[in-house]
Amino acid sequence: MTILVTGATGTVGRRVVEQLLERGEHVRALTRDPARAADFPAGVDVVRGDLTDPASLVPALDGASALHLITFGGEFFAPLETGEEILALAGKAGVRRVAVLHGGGDTPMESAVRASGFDWTVVMPVEFTANALEWAPGIRSEGVVREPFVGRLSAMVHEADIGAVAAAALTEDGHGGREYLITGPQVLTVGDKAAAVAAARGAAVELVELTEEQALETWRGRGMPEDVIAFLIDVYRDTPPEGRTVTDTVEKVTGRPGRTFAQWAEEHAHHFRPGA
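In this text, all values refer to a predicted model and were calculated from it rather than measured experimentally.

Requested: an account of the overall build of the protein, with residues and values cited.
If you tally the helices and strands in the protein, you get eleven helices and nine strands. Taken over the C-alpha trace, the protein has a radius of gyration of 19 Å; the compact-globule value for 276 residues is 19 Å, and the two agree within 12%. Considering only C-alpha atoms, the protein reaches an extent of 55 × 35 × 35 Å along its principal axes. In the protein, buried positions account for 49% of the 276 residues. A fraction of 73% describes how many contacts in the protein between residues 6 or more apart in sequence connect residues 24 or more apart. Roughly 12500 Å² of accessible area belongs to the protein as shown, and the carbon and sulfur atoms make up 50% of that amount. If you average the places of the 25 positive and of the 40 negative side-chain charges in the protein, the two averages end up 4 Å apart.

What follows is the structure, encoded as structure tokens:
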């Protein structure tokens, strides 16, 4: 069985590839830039393709029986409008199962997947643990994290657990027509996460709370679009219940508990140390 993973060099896509390999599956990894997949293990079939250009996926879909999709196709999560075309090509190629990574709201790609005749699964993770990598430059240079709304709660999820749930959906029966809300096993504040990073790197991390105005200035300085900034302010000021309530999805689907943020911090401690 060949499984095509789109967005394969992304934060979650890499973990889907990893988890499928652990299951012994043959993985075909789609990316717009194959150079970014140079570190993939031997045996992964890296192919070039662009989800905004469905015709470019035809060679990648040849012989594939399952397909992992993402919902965005550009900078700052521009939604893909090509879902129906891609799924039509997938059907012609013989794909039977489709998993789609939820994009945080209604998207044309996810709507197309739900309306399709495939054995589909929507993978709906809350905040990624990898978001904490945004702190790495400040921690390396100053030992400081600067964030607004530091008391906000998050049941953030390890990307490997997202990949594991997607891999199960792509390879096992019983996941068709399901929506899987995926969280980590704990609810944490920003301070909790900063403390875990400090413990992992073996040095203190100071937490500085930004005002909302300071956060807006910082994000605009990074070139973030206003709609993305508005989304961040909304979810940081008042995290939706699903983002701060632990689910047992990971354990139910994979048979083992979800990975903790502390585990993620240990795995990525080198990013937070000077000289990284």
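Having seen the structure, we can now continue with the description.
Explain the nonpolar core to me, and be specific about the residues and the numbers.
The biggest cluster of nonpolar side chains holds 53 residues, and the ones touching the most others in it are Leu67 and Leu69. With six residues, the top contributor of residues to this core is helix H6 (residues 159-171). When residues no more than four places from it in sequence are discounted, the contact partners of Leu67 are Leu4, Thr6, Leu61, Ile86, Ala90, Val95, Arg97, Val98, Ala99 and Leu170. Core analysis: the second largest hydrophobic core is formed by 20 residues, Ile139, Phe261, Ala269 and Phe272 among them.

Give me helix H8 (residues 212-221): which residues, what numbers.
Looking only at H8, the buried set comprises Ala215, Leu216 and Trp219. Within H8, the buried residues cover an arc of 100° as seen down the axis, which keeps them to one side. Across from the buried face of H8, at angles greater than 90 degrees, the exposed residues are Glu213, Glu217 and Gly221. Packed against the buried residues of H8 are strand S7 (144-148), strand S9 (206-210) and helix H9 (226-237).

Run through the environment of Gly94, naming residues and quoting values.
Looking at where Gly94 falls in the secondary structure, it is placed in the loop between helix H3 (83-93) and strand S5 (97-101). Along the backbone, Gly94 and Arg259 are 165 residues apart, and their C-alpha atoms lie at a distance of 35 Å. When near neighbours in sequence (up to four residues on either side) are disregarded, Gly94 contacts Ala64 and Ser65.

Help me get a handle on the pattern of salt bridges, residues and values and all.
A side chain with one charge can pair with a side chain of the opposite charge if their charged atoms come near. On inspection of all chains with the given rule, the structure shows 17 salt bridges. Between Asp119 and Arg97 there is a salt bridge, with its nearest N and O atoms 3.9 Å apart. Here Asp119, found in strand S6 (residues 119-125), pairs with Arg97, found in strand S5; they are 22 residues apart in sequence, far enough to count as distant. In this structure, the salt-bridge partner of Asp161 is Arg259, at a minimum N-O distance of 2.4 Å. Of this pair, Asp161 sits in helix H6 while Arg259 sits in the loop between helix H10 (249-254) and helix H11 (261-267); the two residues are 98 residues apart in sequence, bridging distant segments of the chain.

Please give an account of the packing of aromatic side chains that cites residues and values.
Following the criterion strictly, the structure yields three aromatic pairs and no others. Here the aromatic rings of Trp219 and Tyr236 are separated by 6.0 Å at their centres, their planes lie at 65°, and the arrangement is edge-to-face. Residue Trp219 is found in helix H8, and its partner Tyr236 is found in helix H9; the two are separated by 17 residues along the sequence. For the ring pair Trp264 and Phe272, a centre distance of 6.1 Å and an interplane angle of 65° mean the geometry is edge-to-face. Assigned by exposure class, Trp264 and Phe272 land together as buried. Put simply, the rings of Phe261, Trp264 and Phe272 touch in pairs and so form one group of aromatic residues.

A description of empty space enclosed by the protein should follow, citing residues and the corresponding values.
Tallying each qualifying case throughout the model produces one cavity of 30 Å³ or more. Of the voids in this model, the largest cavity is the one considered here, and its volume is about 40 Å³. If you trace the largest cavity, you find it lined by Thr129, Met156, Gly184, Pro185, Gln186, Leu188, Arg259, Thr260 and Phe261. Within the lining of the largest cavity, the residues separate by chemical class into four nonpolar, four polar and one charged.

About the cut-offs
- Residues numbered from 1 in each chain as written.
- Predicted model: local features only at pLDDT ≥ 70, side-chain atom pairs only at ≥ 80, totals over all residues.
- Heavy atoms only, no water.
- Helix = DSSP H or I, 4+ residues; strand = E, 2+ residues; numbered from the N terminus.
- Rg over C-alpha atoms; globule rule 2.2 N^0.38 Å.
- Buried < 20%, exposed > 50% of the residue type's maximum accessible area, 1.4 Å probe, protein only.
- Contact = heavy atoms within 4.5 Å.
- Areas by Shrake-Rupley, 256 points an atom, 1.4 Å probe, with all protein chains shown as cover.
- Lys, Arg positive; Asp, Glu negative; His and termini not counted.
- Charge placed at Lys NZ, Arg CZ, Asp CG, Glu CD.
- Core = buried A, V, L, I, M, F, W, Y, C linked by side-chain atoms within 4.5 Å.
- Arc of directions from axis to C-beta.
- Salt bridge = Lys/Arg side-chain N within 4 Å of Asp/Glu carboxyl O.
- Phe/Tyr/Trp six-rings, centres within 6.5 Å; stacked < 30°, edge-to-face > 60°.
- 1 Å grid on protein atoms, 1.4 Å probe; cavity = no way out; pocket = protein on both sides within 12 Å on 5 of 7 lines; lining within 4 Å.
- Points joined across faces, edges and corners; volume = space filled by probe spheres on them.
- Nonpolar A, V, L, I, M, F, W, Y, C, P; charged D, E, K, R; others polar.

By themselves, these figures tell us nothing about what the structure is for.
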